Every structure is written in structure tokens, then in C-alpha cells.
Amino acid sequence: MNILKLRFLIVSLLVLSSYNFVYGQCAGTSTTIDVCTKDADVGNRNFDLFAQLGGTPATGGTWSTTNPANFVALNQTTGIVDLWRINNYGIHRFTYTNTACNQSAVVTINLGGYPGEDNIDGSANACSDDSNVNLHGFLGSNIDGKVQDFNGLWEEDPSTATNQLENNIFNAQAAGPGIYIFTYTVPEVSSCASRTSTVILEVHPAANSGLPNSLTFCTNEDLSGYTNLDLNSRLVGEDPNGTWSENGTNQLSDLNDSFINIQELNDNFGYGTYSFTYTVFPSHPVCEEQSSVVNINILPVLDGEITTESVCFGSDYIVELTYDDTIFHNGSFILTYSVDGRLEEAPTTLTNGSGSFMVDPDLVPVNRILTLSVLGIESVSPLRDICPTILVPPTTFLAADSSVSLQDICVNNDATVTFTNILDEDGNFANGAYSTDYTLNLPTGDPIVISNAPLTFTNGSASLTIPNTNFAAEGDYDIDLTITDSYSTNCPLTANFIVIPVTSPIQLDLQIDNNCDATQIDVIIDAPVLSDGSYTITYDVMEMDSNTILTTNTINFTGGTADYQIDVDALPIGNYTASVRSTQNDTTPCRLVYDFEEQENFSRGGIPEAPQAAEEQIFCTVDYPNGPTLMDIEVTSNGALLFYATATDTDILPITTLLENGEDYYISNTDPANNCEGSDRIRVLTILSDPSGPTTNNSAPIFCAEDNPTLSLIAIDSPAGNSIIWFNADVSGTLLDSTTTLVDGQTYYAAILNEQNCTSSQRLAITPTIITVAPSNLSDTELTACGLDNPTVQELRALEDEMENDVFWFLTETGGTALDNDTPLQTDTVYYAESRDPATGCSSASRVPVNVDLSACNPEDYDFFIPDGFSPNADNRNDTFFVPNIDTIFPDYTIEILNRYGTTLFKGDKNNPAWDGSNGSSIAPNGIYFYIINYNKDNFEPVQGRLYLNR
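Residues numbered from 1 in each chain as written. Predicted model: local features only at pLDDT ≥ 70, side-chain atom pairs only at ≥ 80, totals over all residues. Heavy atoms only, no water.

## Overview of the overall build of the protein
Condition: In this text, helices come from DSSP runs of H or I with a minimum length of four residues, and strands from runs of E with a minimum of two, each type numbered from the N-terminal end. C-alpha atoms define the radius of gyration, and 2.2 Å times the number of residues to the power 0.38 defines the globule rule. Contact between two residues is taken to exist if any of their heavy atoms lie within 4.5 Å; hydrogens are not considered. All accessible areas in this document rest on Shrake-Rupley with a 1.4 Å probe, and a residue is counted as covered only by the protein chains that are shown. In this count, Lys and Arg are taken as positive residues and Asp and Glu as negative ones, while His and the chain termini are left out. Here the site of a charge means NZ on Lys, CZ on Arg, CG on Asp, or CD on Glu.
In terms of helices and strands, the protein carries six helices and 66 strands. For 951 residues, the compact-globule estimate of 2.2 N^0.38 gives 30 Å, and the C-alpha radius of gyration of the protein, at 56 Å, exceeds that figure by more than 25%. Seen through its C-alpha atoms, the protein measures out along the principal axes to roughly 175 × 115 × 55 Å. For the protein, restricting intrachain contacts to residue pairs at least 6 apart in sequence, the fraction spanning at least 24 positions comes to 65%. Accessible area for the protein stands at about 49,600 Å²; split by element, carbon and sulfur atoms hold 47% of it. Looking at charge distribution, the protein has the averaged site of its 28 positive side-chain charges lying 27 Å from that of its 125 negative ones.

Following this line, the structure appears as C-alpha cells:
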């Protein structure tokens, strides 16, 4: 090989080697370092990761970390990490990626722990009523930004151990007052030794004002035993160094006084509530002062009496109440009362010692003495406590329904007075001999007074007969009665009745010799009981077409029987009406005289026209349970119809004759004016139609209830050209629409409707089974989970409490497609559970809604953190300030960004989570800003802090 070729090969190798060095190692090589006392050097706040890479890395790459605890501490562009912001000891990895060579290198930091500074100088204090003392609050440093690690171990010193420490929370309430020593240890990491800080906590006793026991009295009680009551005796467990105070009674002379006179309170102020407060101050300001209130309750008393009167049933049962208004106040109340032990309530208004209330009439049986008692009273305007002791003696009253009645009578008849529910002096139904005084007022206004008329009662009932000699005159009568030795009520024993006059009888009859061609009319009078005298009968003959009266006259007779003839032979051909009328009165129930009119129609030579009807008439036999008869044939006629078997037959068929299929019938009619039969007959052919019944292959079909099955879904066979109709009974019943919803186990009846619009008499019974699937049985209708766990529909399965049916989940209340188990859940979304019977495939008609809340995340379980800075330089890395995962853990949170002058630059929430570093239309400068976050969830307190904007 000559020298030129050798030089060329060496130069080529150097170039190739240089190329591989620059581009093959542009991300550098991974390295691991130990940082043991990060808190000792403020320079660790700007720890340069790039400088820790091995090899010869090229700039221009980006830094990343998979640990959320490192995210806020890392500048992804420069690789500068604030180790003071990493508050967790252990292994932390940062990856440098250079896209020029598509390679990465990792800097691993074994970060030693920082336990904070000792707190042993007495500045750690807590109160003995605090069950949630956070020991982390007593560590830390005065140097800004230097915060202890959060993942160390808290332990009690054995010398003061209480077993009341859980993680960093100490239950000072359970431990009680005293001094307690705690250590906080961060373990060794790689070459970094473990470190410990100490907290000496003093728990100061909480002030104890004791448990108060109030006293309650009625204002009318004897309070002489309470003239020197020591209020201290009404407390339990109180500290002895407290003071008493009160408002307005002047019972306490100074702060050392604890004695009061309850008798004096009642005498001076009457009923009311009087409060006395015992206050204890704590020994250390970390605890709060405590107060207990002892109430002396003096209650008003209802002391009075009630009165009421015995009344007639149906009247208002008003009870008057009087009471001592010096020990009871005015106002509106609800009284509890009883009538013979049956309780009820009634409103009342009491004013200045009196009031009233109304007894519920449903509580008042009639005709017996009742005991009325007031049992309780409750204030409603305003609501006030009242002494439960009611000093109102009971009273008695009675509601009677005693009555008398008379029926109208005819003149010269006896009148019977009926007595009902009459009571004796003790309030029981009267039995035995009594007497009555009554006044009978005649129609003339003259009274008839009767005294001591005897009566005999049986269970409160009796009757009294007033002789007919008192009722010779017709007219209106009334009677007033009193019964000696009976129970006094306000029930009126009065009655009104009418005495009706009697009239004489008469009978009339009218006979025509030939209705179709009459010549003579006979008027027959039969009145044998009439006494001699002059009686008048009026008759007339009227032409029907013109209503013209052609003949009129009167008949006079003196009683008995008479027969008079009216000659109508000379009347012209036509139709007429003959009428005869009585002139006697017929308006009273005691009538022996009849007031009526007899009429007969007749004709002079009249023949009616033939009737009209369809020659062929169809009858559906199902419409005629007993079969159609002649009266069912449709015929148009002005007169009565006559039916014959043939055109010449003289035997009239009964109107009830059953029709025969394919048979002819012949019909004539009579003139309605004269009853004359026409000479022409018409023929009608009758056809009886009864189609055959329907059939089916399934008389017990099965349907699913959620399909809302109707009659139209039942498969029925019928002949061509016919249709199916439905009924709710085998015979007769109601016609059902085909859209009728089917009911489980109910029988429906199908019939054939043929082309002649006739229904088959035979019906087919169909009894469907409707499978109803109950809605899903769930253990809860709320599902709470954390959205950061990526929950799926499978989580909803835990709510299912179904033993027989399958459950499917949907996003819609109806319709839609069932969700797979691995379908992710969405927060604030309602999911619906549907039960499905695996045997029939039927589903529940309704779906059970379940509300899903995916905000049930414990921040400590998800390394929740708040960034302390960002760099809005449009490099698509860390360009906005936002809190990762906050919208999942705290969906209702709000965030506010302020500058150092307190001016708000940004307000955000889950719909607007990120601040881009703007200040309205301008750009916020580099520097420190402040955030305020309201979590708006449970008991999480708002937080505030600082952030750094670095462009």
C-alpha cells in the first residue's frame, strides 16, 4: 500500500469516528449520584442535571420525569431541578432526550431525606380537646422553601408513648394533657445516612364548663323548696374556677354568686325561661373558653273549666272554656280532648281567660250521655312550651235526635203521631207510661189544646192517635208537643200535615160500533155511588185532519148508570176523534172521583196505504240470544203492523213468532187514526247469519311486558274475507279495540266478523302470559370511585344484587346498546341497569338509574401536588400553569392567580384550568405570583401559595 492510500484511509477513519461521536452519543450516558444533605446547600435549589450526564451530550434536548413529585421541581428545558421542592427521600430518575440522535440518557439521584428541624423549645402546643393534631405543623425551617420530607416515619418516644399516633396525626383528646415526645425519621438512602428530628409537644387541658342540667316547673307548683338553689349543683364535671352570669333577673349579685331563688323568679316574672351561664377560661391560649347554660323553665298551666249544653243531633257542639289567665297566656292553640275515650284535636283561640272549641260531630254518638275531657294543649302562635298538667275537670253532655212525624190524612180520619228516640230524665230511651201536652192548630188558626194525653214508650218509641173528629175540615194542620219527665234537649217536637178532602167517583166508557166505518158511538156512564144531583159529561167529535170540532154536547144525569148514543152516520168520509171528559175534580189522594178523558179514533170509509220494507233482510243470530222475531223486521208504516205466513192467509202471526232462515213473511198495516187494515201486503225474505268461530294453534301465547303487547299481536285463523274482533267475555261483554294492552292471565275472546257484518256466536278464548321482569335490584343507586383509577362498567357490577336475572348496563333510559364491562365510566353520568330473564329473554320495562361520581379520590393516594412555576415561552413545554388531576379529585375547585399587588390576573376551574401567563391583553412579566385554590369539597380547606413565572 503506498503512502497516499494509507493517508486517505486514516483520514476516512478519523472522519467516521468523529461522526459517530457527535451523533451517536448526543444524549450522553446515564449516571447515578448520591445527594445526602440537600437542605444544607441552597445551591441544590438549582441542581444542574445536564452537568451530571456522562459522555459528551449535546444541548437542545428536553428533560422529563415519570414521578409526579418531581414534575414541579424540574425545568424540562434547562434540566435545572430544585431538590428542595422534592419532598420525598429515595430514588428519583430524570430522562434527557435528544431528538437529533433519537437517544436518551437517565440521571438517577439517590436523594437523602430531610426530617425538618427539631421543635423542643416549647413552641409546640395543642389543646386536649383536639383529636386531630398534625405533627408536621411543628417541623420545618425558618428558611423559605426548606420543607421536611413527607414520606418519613413518625414515632412516639417510649417514655411518653400513648398509642394515639396514626401516621402524622396525634389524638390529643384521647391522650389527655401532658408533655409528649415524638421523633420523625427519614431512613438511609444509598450512602446517605438516616436522619431524625424531635418534637416535644405540650398538650394543655381544655376548659370544661361541665354538662348542664336544666330544671322545669309548672307555674302553679310549690317552689318553696327552691328558694336557695346553688347553680353549681346543676353542673356535672365542670372546672371549679368558672363564673356565673345571667340576663335581667337580678338573681346573681356578682361573679362569685351562684345561688338563685326560683320561687322569687316565679313571683316576680311568672312563667318563662331564665338562663344562667357558667363560663370557664382556659389555662393556655391554644384552647378556647367554654360555656354551659342552665335553663330554669317555668311553664304556664291551663287551669279552668269547660261547659257545654245538651243539644239536638246535627247542631254545632260548641264547648266554652274559662281559665286563670294569670298563669296562662293568650294565643292560638291545639286542644286534645276526648269524647268517651275517643281522642281528637281542635283549634282554639284563648283571650283574657276565655275561649271555645267545637267538638267533631263524628265523635258524638246520639242518645246517650257522653263524658267530655280536655287532655292536652299545644301552642301554635308562636310555639311555646306548656305545662303538661291540665287542670280542667271533665263535663258531660248529650246529643239527641228525638223527633215526631205525621202522615197526610183524608178528612174525618184519625191522625197518628209517631214518636222516635225519646229519652227519659237519665238520658236513656224512654220505657213505660208517660203523658204529653200538645197543641193542634187548625187551618182556621184556632188551636186545640190537649193536656196529659197518655203515652206508652218502648225503647224511646211510641204513637199517639188524634181522633178523626178533629179533622172534619180540609187544610193545613200543625202540632206542637211536649213530653213530661223526659230529657230536656233543643230538639223540636213539631210536625205539619195536610187533611185532604174526599170526592165522589165516576166511570166513563166510549164504544164505537165500527172503527173503519162507524155509524154510532155509545157513551156509557157508571157512577152508582153518587148521590142525586146534577153532574156534567162533555163529549165532542173532531175531524183529525183539520182539528175541527163537528159535534159537541153535554150529558146531565143524576147518578147511577146511563148510556147515550152519538150518531155519526151523516159524517163525510174521513178520520175522526171522539172524546168524552169528566168535569169532576181528581187532584187529591183521597179521590173517589176520577178526572179523565176517554178518546177513540174512528173512520168513515178509510183504507190505509201498504207499509214499506226491504225485500231481503239479514239478521245476525248472535245479536238475538233467544232468536229474532217478527218484531225485529224493519218496516216503515203509519199504523200497527200485521204479519201473515202467506199473501192470502187470514191468521195473524203473533209478533213473538221466531224468524226462520230463508222464509217469506207477508205484512200489512192499519191506519193509526182508525185502526183499519190495508188491503195490500208486502213480502220480506229473512236470512239468518251465524259465521263459524275462529281457530288458533296457540291459545296461551307468551309475551314480554316491556313490548307493551296488544290484541293485534295474537295469531288467530279466520276465513278469507272475514276479520277478527275481540270481547272481554264469552257471551255479550264489551267490544275491545285491537290496540288494547294485554294483561297477564286475563282471558280475551275472539270472534269472526263476516262480510254481512255479523259476528260469530262462537268465541275463541285466548289467555296470554305476560312476562314481567322486575327492575334490577341494586345495593345502591350511587357509585363513587376515583377517575384516576380508570374505572369501567365492571365497577357497576358490584352494585348488582340479582339472583335470577341477568343485568345489562346502558347509557340511556330506553333503547341504546348494552355496554361492555371494559367500557370506561364517565363522571357525572347516569348509567341505567336493565334486568333480563335468561329463560324468556324478557327485560324489565324500566331501567334503574345509577349516578356515577368519579371524584372520590384521596389526594394523598395519588401523589397530588401543586406546581410552583411554569415557563410560557411557546416551546410547547410547561407553557401553562395548571394543577395535574385536580379536576378529577376536586371537580368543583376554583383557582385564582394574583400578582404581588393583590390584583387578580386569572380565575379558573375545571372548564378553564390553565393560566397561560397573560394579564388581560398583555403579558405578565417574569417573577413571583400567588395562587388561591378553593377545593370546594368535604372539609378540605382552601390553600394558597407562590409560583414562579419564568419565560
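From this point, the discussion proceeds with the structure in view.
## Details of empty space enclosed by the protein
Short version of the rule: Using protein atoms alone on a 1 Å grid, points that fit a 1.4 Å probe yet trap it form a cavity, whereas open point sets bounded by protein on both sides within 12 Å along at least five of seven lines form a pocket; residues with an atom within 4 Å of a point count as lining. Grid points are joined across faces, edges and corners, and a volume is the space filled by probe spheres set on the points. Following the grouping adopted for this structure description, the nonpolar residues are Ala, Val, Leu, Ile, Met, Phe, Trp, Tyr, Cys and Pro, the charged ones are Asp, Glu, Lys and Arg, and the polar ones are all others, Gly among them.
Under the criterion given, the structure shown has one cavity of 30 Å³ or more. Looking at the largest cavity, its volume works out to about 40 Å³. Lining the largest cavity are Phe71, Pro867, Gly869, Phe870, Asn878, Thr880, Phe881 and Phe882. Classifying every residue of the lining of the largest cavity by side-chain character gives five nonpolar, three polar and no charged.

## Regarding the packing of aromatic side chains
Rules: For Phe, Tyr and Trp, where Trp contributes only its six-membered ring, two rings pair if their centres lie within 6.5 Å, and the inter-plane angle classes them as stacked under 30 degrees, edge-to-face over 60, or tilted in between. For every residue, the accessible area (1.4 Å probe, protein chains only) is compared with the maximum for its type, and the residue is labelled buried under 20%, exposed over 50%, or partly exposed between those bounds. Over a ring means this: the NZ of a Lys or the CZ of an Arg is within 6 Å of the ring centre and within 35 degrees of the ring normal.
Tallying each qualifying case throughout the model produces 28 aromatic pairs. Between Tyr323 and Phe328, the aromatic rings sit 6.0 Å apart at their centres with planes inclined by 80°, giving edge-to-face as the arrangement. With a relative accessible area of 8%, Tyr323 lands in the buried category. Seen from their ring centres, Phe890 and Tyr935 are 4.2 Å apart, and the 35° between their planes marks the pair as tilted. Taken as a pair, Phe890 in the loop between helix H6 (886-889) and strand S61 (894-898) and Tyr935 in the loop between strand S65 (927-934) and strand S66 (943-949) lie far apart in primary sequence, 45 residues in all. When its relative accessible area of 7% is taken as the criterion, Tyr935 is described as buried. Three or more aromatic residues link up through ring pairs in this structure, and these residues are Phe870, Phe881, Trp915, Tyr929 and Tyr931. Above the face of the Tyr644 ring, Arg681 is positioned so that its terminal group lies 3.5 Å from the ring centre. Lying over the aromatic face of Phe808, Arg836 brings its terminal NZ or CZ to 4.1 Å of the ring centre.

## Description of the state of the cysteines
Counted only if it meets this: Two cysteine sulfurs form what is called a disulfide whenever their separation falls within 2.5 Å.
The tally for this structure, following the rule as stated, stands at eight disulfides. Disulfide pairing is shown between Cys127 and Cys287; the S-S distance is 1.9 Å. An S-S torsion of about 120° defines the bridge between Cys127 and Cys287 as right-handed. Taken together, the residues span a long stretch of sequence, with Cys127 in strand S7 (residues 125-127) and Cys287 in the loop between strand S20 (272-280) and strand S21 (290-299) at a distance of 160 residues. Like Cys127, the residue Cys287 is buried in the burial classification.

## Section: the pairing of strand S5 (residues 90-98)
Stated formally: By this definition, two strands are paired if DSSP reports at least two bridges between them.
Both strand S3 (residues 62-64) and S5 contribute to a ladder of three bridges, which runs antiparallel. Along S5, the bridge assignment pairs Ser64 with Thr95. Summarising the sheet, S5 and strand S6 (residues 103-111) pair through nine bridges and their orientation is antiparallel. By the bridge assignment for S6, Thr95 is matched with Val106. Counting the residues in the hairpin turn of S5 and S6 gives four residues, including Asn102, whose phi is positive at 55°.

## Considering the pattern of salt bridges
Inclusion rule: Salt-bridge detection follows one rule: a side-chain nitrogen of Lys or Arg within 4 Å of a carboxyl oxygen of Asp or Glu.
With the rule as written, the count across this model stands at twelve salt bridges. Of the charged contacts, one joins Asp39 and Arg195 as a salt bridge, the two residues approaching to 2.7 Å between their closest N and O atoms. With a gap of 156 residues between them, Asp39 in the loop between strand S1 (31-35) and strand S2 (47-48) and Arg195 in strand S13 (residues 195-204) connect regions that are remote in the sequence. Its relative accessible area of 10% is what places Asp39 among the buried residues. Taking the relative accessible area as the measure of exposure, Arg195 reaches 23% and is therefore partly exposed. Where Arg45 meets Asp82, a salt bridge forms, and the shortest distance between an N and an O atom there is 2.9 Å. Of this pair, Arg45 sits in the loop between S1 and S2 while Asp82 sits in the loop between strand S4 (80-81) and S5, and the two are 37 residues apart along the sequence. When salt bridges with common partners are traced through the structure, they connect Glu834, Arg836 and Arg847 into a single cluster.

## Structural notes on the side chain of Ser579
The condition is simple: N or O atoms closer than or at 3.5 Å make up a polar contact, with two conditions inside protein: a donor-capable atom paired with an acceptor-capable one, and, for residues adjacent in sequence, both atoms drawn from side chains.
Mapped onto the elements, Ser579 comes out in strand S44 (residues 574-582). Side chain to side chain, Ser579 and Asp540 meet in a polar contact 2.7 Å long.

## Some thoughts on the layout of surface pockets
Taken as a whole, the second largest pocket encloses approximately 210 Å³ of empty space. Forming the boundary of the second largest pocket are Pro608, Glu609, Ala610, Pro611, Gln612, Thr636, Ser637, Asn638, Asn669 and Pro672. Looking at the lining of the second largest pocket residue by residue, the classes come out as four nonpolar, five polar and one charged.

## Things to note about the environment of Ile306
Structurally, Ile306 is set in strand S22 (residues 302-307). On the basis of relative accessible area, Ile306 is assigned to the buried category, the value being 4%. Residues in contact with Ile306, not counting those within four places in the same chain, are Val319, Glu320, Leu321, Phe357, Leu372, Val374, Val392, Pro393 and Thr395.

## A closer look at unusual backbone geometry
Its identity as a non-glycine residue notwithstanding, Asn412 has a phi of 65°, on the positive side. Of note, Asn412 is situated in the loop between strand S32 (409-410) and strand S33 (415-420). The exposure class of Asn412 is partly exposed, given its relative accessible area of 44%. In this structure, Asp485 takes a positive phi of about 60° despite not being glycine. Locating Asp485 in the fold gives a position in the loop between strand S37 (475-483) and strand S38 (494-500).

## Details of the sheet that holds strand S52 (residues 735-736)
Overall, antiparallel pairing links the four strands, which are arranged S52-S51-S53-S54 in an open sheet. A single partner strand is all that each edge strand has here, and the edge strands are S52 and strand S54 (764-766). In the sheet, strand S51 (residues 723-727) pairs with S52 via two bridges, with the strands oriented antiparallel. Looking across to S52, one finds that Trp726 is bridged to Leu736.

## Remarks on the sheet that holds strand S26 (residues 342-350)
Reading across from one edge, S23-S30-S28-S25-S26 is the order of the five strands in this open sheet, with mixed pairing throughout. This sheet does not close on itself; its edge strands, each paired only once, are strand S23 (311-312) and S26. Where strand S25 (residues 331-339) and strand S28 (residues 369-381) come together, eight bridges link them in antiparallel fashion. Across the sheet, Tyr337 pairs through a bridge with Val374, a residue of S28.

## Thoughts on the environment of Ile448
Summarising the element assignment, Ile448 is placed in strand S35 (residues 447-457). Accessibility expressed as a relative area gives 22% for Ile448, which makes it partly exposed. As for Ile448 and Asp853, which are separated by 405 residues in sequence, their C-alpha atoms are 93 Å apart.

## Looking at helix H4 (residues 262-269)
We count it as follows: Taken from the helix axis, the directions to the C-beta atoms give the arc we talk about.
If you check which residues of H4 are buried, you get Ile262, Leu265 and Asn266. The arc that holds every buried residue of H4, seen down its axis, measures 95°, which confines them to one face. The outward face of H4, more than 90 degrees from its buried face, is lined by the exposed residues Asp267 and Asn268. As for H4, its buried residues are in contact with strand S15 (215-218), strand S16 (229-230), strand S19 (259-260), S20 and S21. Residue Asn261 occupies the N-cap position of H4, its side-chain oxygen lying 3.1 Å from the main-chain nitrogen of Gln263.

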